[in-house]
Amino acid sequence: MRILALDHGTKRIGLAISDEMALIAQPLDYFLTEPREEFLRRLKEVIDSKAVGEIVVGLPRNMDGTYGPAAEKVREFVAALREVFAIPIKTWDERLTTVQANRSLIESGMRREKRRERVDQTAAALILQGYLDSISR
């Protein structure tokens, strides 16, 4: 079973997918959040074509562990996903994943224009790898 991770943003949602053994995360793509119907259609295509059995959504937390307005938007997003998809959907702490993703892409020498395209899916891969590491112990 593959696990799909989503890094929810205001304009884009990054996607990452696990291998079939659920050990390794790979960046997959990003989708625009609007129009919502188009996003859900494309997400369903990925879920079906990749045989996804579970979704993990990054849940933003403040550095002190509390939740802010961004977390509430993600909770609403997860609730909407649960109405559409019949597979398990979980949340996972995503603190600093975008910072890590940007740093990693900068260190790889990627130009700013390309980084903007890749940062969301790279952050999703970091979220997913953290989740995979926690369940494989």
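Residues numbered from 1 in each chain as written. Predicted model: local features only at pLDDT ≥ 70, side-chain atom pairs only at ≥ 80, totals over all residues. Heavy atoms only, no water.

1. Remarks on the pairing of strand S3 (residues 25-32)
Of the pairings in the sheet, the one linking strand S2 (residues 12-18) to S3 comprises seven bridges and is antiparallel in character. Across the sheet, Ile13 pairs through a bridge with Phe31, a residue of S3. (Pairing = 2+ DSSP bridges. Helix = DSSP H or I, 4+ residues; strand = E, 2+ residues; numbered from the N terminus.)

2. Focus: the environment of Ile55
Along the polypeptide, Ile55 turns up in strand S4 (residues 52-59). Between the C-alpha atom of Ile55 and that of Glu38, which follows or precedes it by 17 residues, the distance is 18 Å. Each residue touching Ile55, except ones within four places of it in the same chain, is listed here: Leu4, Leu6, Ile47, Ile87, Pro88, Ile89 and Lys90. (Contact = heavy atoms within 4.5 Å.)

3. Regarding the side chain of Asp120
Among the secondary structure elements, Asp120 is positioned in helix H4 (residues 112-135). Residue Asp120 is classed as buried on the basis of its relative accessible area of 11%. Of note is the side chain of Asp120, whose polar atom sits 2.5 Å from the side chain of Arg12. The residues touching Asp120, leaving out its near neighbours within four places in the chain, are Asp7, Arg12, Gly14 and Tyr30. (Buried < 20%, exposed > 50% of the residue type's maximum accessible area, 1.4 Å probe, protein only. Polar contact = N/O pair within 3.5 Å; in protein donor to acceptor, adjacent residues only side chain to side chain.)

4. Re the sheet that holds strand S1 (residues 2-8)
Ordered by their spatial adjacency, five strands build an open sheet running S3-S2-S1-S4-S5, and the pairing between neighbours is mixed. With one partner strand each, in any of the chains shown, S3 and strand S5 (89-93) form the two edges of the open sheet. In this sheet, neighbouring strand axes are inclined to one another by 30 degrees on average, regardless of whether the strands run parallel or antiparallel. Here helix H1 (residues 36-49) sits on the sheet and contacts S1, S2, S3 and S4; the angle it forms with S3, its principal contact strand, is near 155 degrees. Lying over the sheet, helix H2 (residues 69-84) contacts S1, S2, S4 and S5, oriented at roughly 165 degrees with respect to S4. (Axes fitted to C-alpha atoms, helices over the stretch in contact; angles between N-to-C directions.)

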